[in-house]
Amino acid sequence: MGIAAAERVESGIWRIRLGEPEELTPVRFRTAEPMSEALSALPGCELPFTEESINFRTSRRGCVLELPLVPGEQIYGFGLNLRAFNCTDTRKTIRVSDDQTGDAGDSHAPAPFYVSNKGYAVFVDTARYANFYCGNLSKAVSAGSTNNGSAAAAASTEELYKPRELASKMMVVDVPVAQGVDLYVFGGPAMQQAIQRYILFSGGGVLPPLWGLGVFYRAYTKSTADDVTSIAEDLRQNGIPCDVMGLEPGWQSAAYSCSFSWGKERWPDTQGFIDHMRGMGYQLNLWEHAFTHPSSPLFEPLKDHSGDHLVWGGLVPDFADAGARDTFCQYHQEQFVNNGISGFKLDECDNQPLSARPWSFPELSQFGSGLDGEQMHSLFGLLYQQVMNASLRKSNVRTYSKVRASHVLASPLPFALYSDAYNHRDFVRGILTSGFSGVLWSPEVRESESVEELYRRLQSSVLSAQTVINAWYLKSPPWRQIETEKNCNGEYMPGWEEVEQRCRRILQLRMRLIPYLYSSFAEYRYKGIPPFRALVVDYPDDPQTYNLDNEYLIGNSLLAAPVFAGETARTVYLPACGWYDFWTHSKYEGGREYEISVDQEHVPLFVRAGTILPLAEPLEYVGPDSVFDVACLVFGMSPSPTTLYDDDGVSLDYENGLQNAITLSWTPESGGSIASQGGFSGKSRYRVVDWKTIG
Ligand code: GAL
C-alpha cells in the first residue's frame, strides 16, 4: 500500500516514497547538494532490492516499513555509537541524547541510516525518533504454528522461548507520527562504495584546515586571560605541539544560559589577548551553547524567533527559521570571527531523554518554523553547526570545530563530536562507528588514573579525527597532574618532566602524520571515503572483521590497534595483504591474528605493503606559512603512487579550484619522483626531503 516506484535520484541512489512523508525532514534541511560527478565516477551498481520486496503500513501511531535482509547479512551504522558496533539482530532508537550508557541507539549523533556488508545502504528521511529492528523481530503467525513457520505447537516453555531463525529476516522500521517516509537506497557494489555514495549524497566529507589536524588544548574553565596566556607560552617553551587553544564557559559574562559576550573581569583586553595568542601561532576556539541569556545582545532580536520553552532561563533559537539563523550567524561573524576567532565548541545541543530532570527543551515544544520539539531535537545539532559554519565561511575562514550533537547527512560540516562519557574502550569504538555514517569523533583526553592510562588515551586521541586535550576542569596539563582530585592543589606530581616528554613524543606522532591525514581527508571530501573506518568497510566478506571493534583503518594505508591501561600486548587481526610494523618495520602476512607486545610509549600501528607513506618532521603548530619537511617511506618494492593533497590549508579558496594533487611515485629503477598538478599556484605546504625504502 502507498509504495511508489523507485526513482533514481543520483548515480547508484534511488528514492522510494512510502505513503505521505512529512514536510520537515532532514533532506529539507540538507547542508549541501549531492556531488553528482563524483557519484557518477563510482563503479555501476544495481538497486539492491525492489519496491515489491518492501512492506509498508500506516496506523494512528505512525508508519512501519519492512525491508528485506538476507541470511548472514551484517548491519552497521545508525550514527555515532559508543557502546555498540555490529547492529545485526538488535534494536536502535534514533534519539539524540547526552547519555551514552546504553547500546540501543541513544547517541550524541544518531542517524536513521544503516549500511550492510552485502554492499548497500539505506537512509530513512525522518526527524522522528524512529526504531530500527535489525532482523531481531519475530512475528506471530496463525494459531497452532510457531514463529519459525513450522506447524507444531510448542510442547514446553523452553521450546516456546528457544531462539529461532525466522524463515526470512526483515529490517523493520517503526516511525512515530509520520504517515510516510522517503527511503533512500544507496547501491555499492561493495560496502565501502555504499558509504561513499551516502557521503557524496550528503555533499561530500569535510576538509579541515591543516591546523585542525594538529593538537587542540582546552584550558581550565575559570582561567583568566593571563592564565591562558601562560599555559600557551609554557606549551611553546616546552615544545608541546599545540595548534588550537579552546576557552571554556568562563570566557563569557554568563554561560548557563549564554550571553555570548566576554566577561570583562577575566578578559579586560580581549583583542590584545586574541592578537597575542595568534601571534604565538594559536587558533582560538570558543565554547558556547545556543540557549540565549536575557543579558545577551542576541536576546531581543531572537525573541520572536525562538521556541516556546526556555532552557536555563534562555531562549532556544529556532534555527530552522531564517530570522534566527541570520541574526545568530551575523552576530558571531562580527563579534568573533572578524576579530580572530576561528572555531567554536557547540555544547549542550543534545538532549537528555533518559533523565527525570532534563535540562533541554521538551518534545512538546513548538517552533515558529513548524518543527515540534521531537523534530527539533533531531535537527538541532545539525542546524546549529550550519549556522556557525556560515559565520566563519562568510569571512573565508575554514574551521574545524567541535559539537556535541549531530544526525544524518552531516558529513560536510566541519565539526567533530565529543562527549562527557569517558570509557576508553567506548571512545575507541566511537572512532569506528562514526565512520559508517559520515560523522567524526574526537576521543578527547581529560584526567587519568595512572600515567600509563594517560599515554594510552593520548595514543588513541592522536590516531583519531581530532586530537583534543580537554583540560576544562584541570588547572594544569594532564601530564603534570593526572588525577582529578589533586588537580586543584597547584602542585605538580613527582617526575612530571619525564611524563611530559613522553606525551610530547606521542603528540609529535600526530604532527608527523598531518600530510598523510590531510590527503586522507581530501579523499573524504571528494570521494566520500571515511578517513577513519572499521575493517569491515574494506573487507566486508571477511567474517573476522564483523565484530572487530577495537582496531581500524586510517586512510588507505594505516591500521591502528589501540592499547588500554593494564595491557602490555594485544591481539591484532591483519586483513589480507602484507603489512609492516610502523615502528620496527617488521613484516607481517595478512589474513591472520598476531599477538603484539608494546611498551607504554608506543601504540600498534601498521602500514599496508605497497605504500608510500609521507611522514613529516613534527612541527609545533601549523602556521599559515608552515612547510612540512616530508620523508617518503616506501614499504615494499612495488608501491602504488600516493597523492599528497595541497592547497593554502586555511581558507575556502580550494573550493574554487586552488588546489594541487602531488603524485609521489617510486620504482626500483628510478627511485622516487614527484609530479604536481592543479590550480594552486601558492607556496606548496610540503618539501620532500628524503626517500627511504623499507623491506
Ligand atoms: C560540558 C562539556 C565539557 C565542558 C563543560 C564545561 O557540557 O561536555 O566538555 O565544556 O561542559 O562546562
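What counts as what
- Residues numbered from 1 in each chain as written.
- Predicted model: local features only at pLDDT ≥ 70, side-chain atom pairs only at ≥ 80, totals over all residues.
- Heavy atoms only, no water.
- Helix = DSSP H or I, 4+ residues; strand = E, 2+ residues; numbered from the N terminus.
- Buried < 20%, exposed > 50% of the residue type's maximum accessible area, 1.4 Å probe, protein only.
- Contact = heavy atoms within 4.5 Å.
- Phe/Tyr/Trp six-rings, centres within 6.5 Å; stacked < 30°, edge-to-face > 60°.
- Salt bridge = Lys/Arg side-chain N within 4 Å of Asp/Glu carboxyl O.
- Near = heavy atom within 4 Å.
- Areas by Shrake-Rupley, 256 points an atom, 1.4 Å probe, with all protein chains shown as cover.
- pLDDT = per-residue confidence, 0-100.
- Pairing = 2+ DSSP bridges.
- Axes fitted to C-alpha atoms, helices over the stretch in contact; angles between N-to-C directions.
- Disulfide = S-S within 2.5 Å.

## A look at the overall build of the protein chain
On a plain count of helices and strands, the protein chain comes out with 12 helices and 32 strands. In terms of overall dimensions, the protein chain has C-alpha extents of about 80 × 70 × 55 Å along its principal axes. Considering the protein chain as a whole, with its 695 residues, one finds that 62% of them fall into the buried category. In the protein chain, of all internal contacts separated by at least 6 residues, the share reaching a separation of at least 24 is 72%.

## Topic: the packing of aromatic side chains
Remark: the centre distance and the inter-plane angle together describe each pair of aromatic rings, the angle taken between the planes. For the structure shown, the criterion picks out 48 aromatic pairs. Considering the side-chain rings of F49 and Y120, the 5.7 Å spacing of their centres and the 85 degrees angle between planes classify their relative orientation as edge-to-face. Here the residue F49 occupies a position in the loop between α1 (36-41) and β3 (55-59), and Y120 occupies one in strand β8 (residues 120-124), the gap between them amounting to 71 residues. For the ring pair W251 and W262, a centre distance of 4.9 Å and an interplane angle of 65 degrees mean the geometry is edge-to-face. Note that W251 is positioned in the loop between β13 (244-247) and α5 (270-279) and W262 in the loop between β13 and α5, a separation of 11 residues in sequence. An identical accessibility class is assigned to W251 and W262; each is buried. Ring pairs connect the aromatic residues Y256, F260, W287, F291, W312, F319, F328, W359, F361, F367, F380 and Y384, which therefore count as one cluster.

## Comments concerning the pattern of salt bridges
Where charged atoms from two side chains of opposite charge approach closely, those side chains can pair. This structure, assessed with the given rule, holds 35 salt bridges. Look at the salt bridges and you will find they share partners, linking D347, E348, D350, R404 and D420 into a network.

## Focus: the site of the ligand
Every residue close to the ligand is listed here: E248, P249, Y256, W287, K345, D347, E348, R404, Y418, D420, N470 and W472. Against a free-state accessible area of 310 Å², the protein chains account for coverage of 93% of the ligand.

## Section: the confidence of the model for the protein chain
Predicted confidence across the protein chain gives a mean pLDDT of 95, with 96% of residues reaching 70 or more. Here helix α2 (residues 157-161) stands out as the element of the protein chain with the lowest mean pLDDT, 67, in contrast to strand β17 (residues 415-417), whose mean of 99 is the highest.

## Concerning the sheet that holds β3
Strands sit in the order β3-β4-β10-β9-β6 across an open sheet of five strands; the sheet is antiparallel. Edge strands, defined here as strands with exactly one partner in the open sheet, are β3 and β6 (91-93). The average angle at which neighbouring strand axes cross in this sheet is 15 degrees, direction not considered. The sheet contact formed by strand β9 (residues 131-134) and strand β10 (residues 170-176) spans four bridges and is antiparallel. Looking at the pairing, C134 lines up with M171 of β10.

## Description of the state of the cysteines
All chains considered together, the criterion is met by zero disulfides. Counting only cysteine sulfurs, C349 is the nearest neighbor of C258, a cysteine outside any disulfide, at a range of 11 Å. The class of C258 is buried, set by a relative accessible area of 0%. For C503, which is in no disulfide, the shortest distance to another cysteine sulfur is to C242 and amounts to 13 Å.

## Focus on the sheet that holds strand β19 (residues 532-534)
Strand order in the open sheet formed by six strands is β19-β20-β21-β26-β23-β24, and the pairing between neighbours is antiparallel. Of all the strands in the sheet, just β19 and β24 (587-588) have a single pairing partner and so form its edges. The sheet contact formed by strand β20 (residues 552-554) and strand β21 (residues 558-560) spans three bridges and is antiparallel. In the sheet register, I554 faces β21, and the bridge partner there is L558.

## Examining the environment of P358
Within the secondary structure layout, P358 lies in the loop between β15 (343-346) and α8 (373-393). What makes P358 partly exposed here is its relative accessible area of 40%. C-alpha separation for the pair P358 and A254, spaced 104 residues apart in sequence, amounts to 20 Å.

## With respect to unusual backbone geometry
The step from G188 to P189 runs through a cis peptide bond, and the omega angle for that step is 15 degrees. With respect to the helices and strands, P189 occurs in the loop between β11 (179-186) and α3 (191-202). Cis peptide bonds are those with omega within 30 degrees of zero, and the linkage from Y256 to S257 qualifies with 5 degrees. A positive phi angle, close to 65 degrees, is found at F78, a residue other than glycine. The phi angle at W312 is positive, at roughly 50 degrees, despite the residue not being glycine. Relative to the helices and strands, W312 resides in the loop between α6 (299-302) and α7 (322-335).

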